[in-house]
Amino acid sequence: MRSPHPALAYLHALRTAARKEKRKSAWFAAYVVVLLGASWGLPLLLAAGRSGHARDPQDGLGAHLLAGLPVTAPVLVVLVLTLTARAALWRGPVTIGLPELSWLLPTPLPRAPILLPRLYGSAALAAAGGAVVGGVAGFLLSTVRGGPWLAATAAGAWAGVVVAVIGTALGVAIERRERAALRYAARAAPVTWAVVILLGGAAAAGTAYGVATPLGALCLWSGPWGWAVQPLVAALGEGSASAGVSGRLPGGVPGGVPGWVVALLLAATAVAGALWLARRQAPLVPLAALRRRATVATQVTAAIFSFDLRQARTAVHGAGPHGVSARGARPLLRLPLPRHRWLLIPWRDATALLRAPGRLAWATVWTGVAVGLAAYAPGLGQRARVFTVLAAAVAGYLAAAQLAEPARLETDDPRRATPLPTPAGTLALWHLVIPTALSLIGTATAATICAATGHGHPALALLIAATPAYAAAALVSAYRGALPTHVLLGTETPMGNTGGLQAALWYVRGPLALLALTTPALLVAVSAEGHGRGSGQGFGQGSGQSLAAGGGFALWAVLVVWVLGVGAAGAWWVRRRGRGVG
């Protein structure tokens, strides 16, 4: 073994005490994580296991989930790798502190002894996290299937390790060629996300209706994303076949996956090759890439410790491909200049959204998710219906939050509103126009599509009526201002300081309050119309007849008036917050 450079050996000896303290801190953090996981996570997993074994694996969502697994699992791996690649544009697995970056790397010392330990630490941490997440996923899927859990848990942990290591190597490759990655990431992002969304739609369709066997085999053998999950699909497939699950839906995982041992060897080869390439590429990462990542990491850490999540997002956004492309961003469609003064703010907001088409795309996706969940909820049981309606409400808020970005930009830089002859409160209300209008149009369009396909019911109209409240919740968050010091300080209690909880509630107080007021009304409407959906009639037909028969029109009117009233109260709150921040 080659002896280390004398300067590095000297520094290594000087920092012995500091390394010991750092190891103690790391072991303490690991101890806290294990303790919390054993105290909170393990009982939940055991309860899920008992609940899963008590159910019939051929009933409910479990059979659909297992039938769609050959497509769903590879799609999830592709999504994880995509997110890992995006994170590597600003963070990456090879990141060092500013002192080492300023004092060691500019010198003619060998770079491998400095950078490789960071790579090994990142790879080990990612592999450990992937093993835990994958093992938990395998265990939960085994409870859905029923039967032994050890093989599925081990296979899930293996899949997590494979994905984590390959993602680490992908991050090193992006760091090594940062200029090319930033140059092409902005252009490739729409295509990449379009492919991911299409794959996600295929996975959802496979879960709902089953997967044709050739399509499942194609996904499982299409690359490392399929090789990694083949042992898991095989372990679950054998139990599913013995339980009779695979025969209920087309395709699925009948009797396991033939040749999964070959896929296991291919995945192991891919992991070894990824580690070898990462080890060769890590010492060649440019100094500029390391400096930029160290700076962004410092800014993000400072923003998180001060509970300024918007500032953290701004730092990440500026370091990624969006920050590079935003300098020369052009709107997809040029809107004509407004002829009336009162159209100026909506025109500016619409132009800002056209300059960021990704937000319009995500708003469309979240709107479709909200309407789809609301349409699917009436056919579920009571407990599942509650969670589905809550998820639909959260998705509706997330769609409106994507459209409220122009208001956030204005609160980030108050100089943007200085030339406008509009009071601050009125300006905040004008910012509410575009998110409300686009949310109404998108939700109404999706509800019409559901009606055309025979899945409509009056509860979807209540979801449309709730969109002003969701837009108001997004604007309240946009105008929340700086975190007050007294909120962060908190109060000492026998359970600890309340500063963290108070800060979290302060950040989500707008969405939390408005969703808490609108979601129960949506749940009542969905529950009241649950028996009307099974007839397969269109929007407001069989369901509306059941409403009339039960005297439900009065209830319907009360729910609509309530939701619209919550939206009006949210608009008043937006005006007040605008005056407070302005």
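Residues numbered from 1 in each chain as written. Predicted model: local features only at pLDDT ≥ 70, side-chain atom pairs only at ≥ 80, totals over all residues. Heavy atoms only, no water.

As a further point, take a nonpolar patch on the surface. A contiguous nonpolar patch, built from Leu-501, Leu-505, Val-508 and Leu-512 and spanning about 370 Å² of accessible area, is present on the exposed surface. When you line up the elements, Leu-501 lands in helix 25 (residues 499-507). Assessed through its relative accessible area of 56%, Leu-501 is described here as exposed. (Patch = residues over 30% accessible without salt bridge, like charges linked within 9 Å, V, L, I, M, F, W, Y side chains within 5 Å. Areas by Shrake-Rupley, 256 points an atom, 1.4 Å probe, with all protein chains shown as cover. Salt bridge = Lys/Arg side-chain N within 4 Å of Asp/Glu carboxyl O. Helix = DSSP H or I, 4+ residues; strand = E, 2+ residues; numbered from the N terminus. Buried < 20%, exposed > 50% of the residue type's maximum accessible area, 1.4 Å probe, protein only.)

Look at helix 17 (residues 357-376): 29 Å from first C-alpha to last across 20 residues, which is about the 28 Å you get at 1.5 Å a residue. Among all positions of helix 17, only Arg-359, Ala-363, Thr-367, Ala-370, Val-371, Ala-374 and Ala-375 are buried. Projection of helix 17 onto a plane perpendicular to its axis shows the buried side chains occupying an angular sector of 140°, all on one side. (Expected span 1.5 Å × (residues − 1). Arc of directions from axis to C-beta.)

Attention shifts here to the packing of helix 17 against helix 18 (residues 382-403). Contact geometry for helix 17 and helix 18: axes closest at 8 Å, N-to-C directions at 160°. By the criterion of interaxial angle, the relationship of helix 17 to helix 18 is roughly antiparallel. Classified by chirality, the crossing of helix 18 by helix 17 is left-handed. Judged by residue contacts, Arg-359, Leu-360, Trp-362, Ala-363, Trp-366, Thr-367, Val-369, Ala-370, Leu-373 and Ala-374 of helix 17 engage Thr-388, Ala-391, Ala-392, Ala-395, Gly-396, Leu-398, Ala-399, Gln-402 and Leu-403 from helix 18. Here the contact of helix 17 with helix 18 is built from residues that sort into 14 nonpolar, four polar and one charged. (Axes fitted to C-alpha atoms, helices over the stretch in contact; angles between N-to-C directions. Parallel < 35°, antiparallel > 145°, perpendicular 65-115°, else oblique. Left-handed = near helix turned anticlockwise from the far one by under 90°. Contact = heavy atoms within 4.5 Å. Nonpolar A, V, L, I, M, F, W, Y, C, P; charged D, E, K, R; others polar.)

Enumeration over the complete set of coordinates arrives at one cavity of 30 Å³ or more. Approximately 60 Å³ is the volume found for the largest cavity. Surrounding the largest cavity, Thr-367, Ala-370, Val-371, Gly-396, Ala-399, Ser-439, Thr-443, Leu-463, Thr-467 and Tyr-470 form its lining. Looking at the lining of the largest cavity element by element, the count peaks at three residues for helix 17. In terms of residue class, the lining of the largest cavity is built from five nonpolar, five polar and no charged. (1 Å grid on protein atoms, 1.4 Å probe; cavity = no way out; pocket = protein on both sides within 12 Å on 5 of 7 lines; lining within 4 Å. Points joined across faces, edges and corners; volume = space filled by probe spheres on them.)

With that out of the way, let us pick up the pattern of salt bridges. Inspection of every chain in the model, using the stated rule, returns six salt bridges. Where Glu-175 meets Arg-293, a salt bridge forms, and the shortest distance between an N and an O atom there is 3.5 Å. Remark: Arg-293 occurs in helix 13 (residues 287-305) and Glu-175 occurs in helix 7 (residues 150-176); sequence separation between them is 118 residues. Both residues of the pair, Glu-175 and Arg-293, count as buried. A salt bridge links Glu-405 to Arg-408; the shortest N-O distance between them is 3.1 Å. With Glu-405 and Arg-408 both in helix 19 (residues 405-412), this residue pair falls three residues apart, about one helical turn. The two residues Glu-405 and Arg-408 agree in class, both being buried. Counted as one network, the salt bridges with shared partners bring together Glu-175, Glu-178, Arg-292 and Arg-293.

Look at helix 16 (residues 344-354) against helix 21 (residues 433-452): their axes get within 9 Å of each other, and the N-to-C directions meet at 60°. Taken as axis vectors, helix 16 and helix 21 run oblique relative to one another. Along its contact with helix 16, which presents Pro-346, Asp-349, Ala-350 and Leu-353, the element helix 21 presents Val-433, Ile-434 and Leu-438. Its residues placed into classes, the contact of helix 16 with helix 21 shows six nonpolar, no polar and one charged.

In this section: the packing of aromatic side chains. Counted by the stated rule, this structure contains two aromatic pairs. Between Phe-139 and Trp-149, the aromatic rings sit 5.9 Å apart at their centres with planes inclined by 75°, giving edge-to-face as the arrangement. Here Phe-139 is found in helix 6 (residues 112-145), whereas its partner Trp-149 is found in the loop between helix 6 and helix 7, with 10 residues between them in sequence. Classification of Trp-149 as partly exposed rests on a relative accessible area of 44%. Each ring, one from Trp-506 and one from Tyr-507, has its centre 5.2 Å from the other, and the planes form 85°; the classification is edge-to-face. We note that Trp-506, like Tyr-507, is buried. (Phe/Tyr/Trp six-rings, centres within 6.5 Å; stacked < 30°, edge-to-face > 60°.)

Take the side chain of His-431 next. Along the chain, the position of His-431 falls in the loop between helix 20 (424-430) and helix 21. Within the structure, the side chain of His-431 is placed 2.8 Å from the side chain of Asp-349, a separation counted as a polar contact. Setting aside chain neighbours within four positions, we find His-431 in contact with Ile-345, Asp-349, Ala-407, Glu-410, Leu-475 and Tyr-479. (Polar contact = N/O pair within 3.5 Å; in protein donor to acceptor, adjacent residues only side chain to side chain.)

All right, on to the environment of Pro-148 then. With respect to the helices, strands and loops of the structure, Pro-148 is situated in the loop between helix 6 and helix 7. Classification of Pro-148 as exposed rests on a relative accessible area of 66%. Residues Pro-148 and Ala-235, spaced 87 residues apart in sequence, show a C-alpha to C-alpha distance of 9.5 Å.

Take Glu-410: it is sitting in helix 19. On the basis of relative accessibility, which here comes to 5%, the residue Glu-410 falls in the buried class. The contacts of Glu-410, once residues within four sequence positions are left out, are Arg-348, Arg-416, Ala-417, Leu-427, His-431 and Tyr-479.

Attention shifts here to the environment of Leu-232. Turning to its location among the elements, Leu-232 is positioned in helix 11 (residues 230-243). Sequence separation between Leu-232 and Leu-69 is 163 residues; the distance between their C-alpha atoms is 9.5 Å. Setting aside chain neighbours within four positions, we find Leu-232 in contact with Gly-138, Leu-141, Ala-152, Ala-155 and Gly-156.

Keep in mind these values describe shape, not function.
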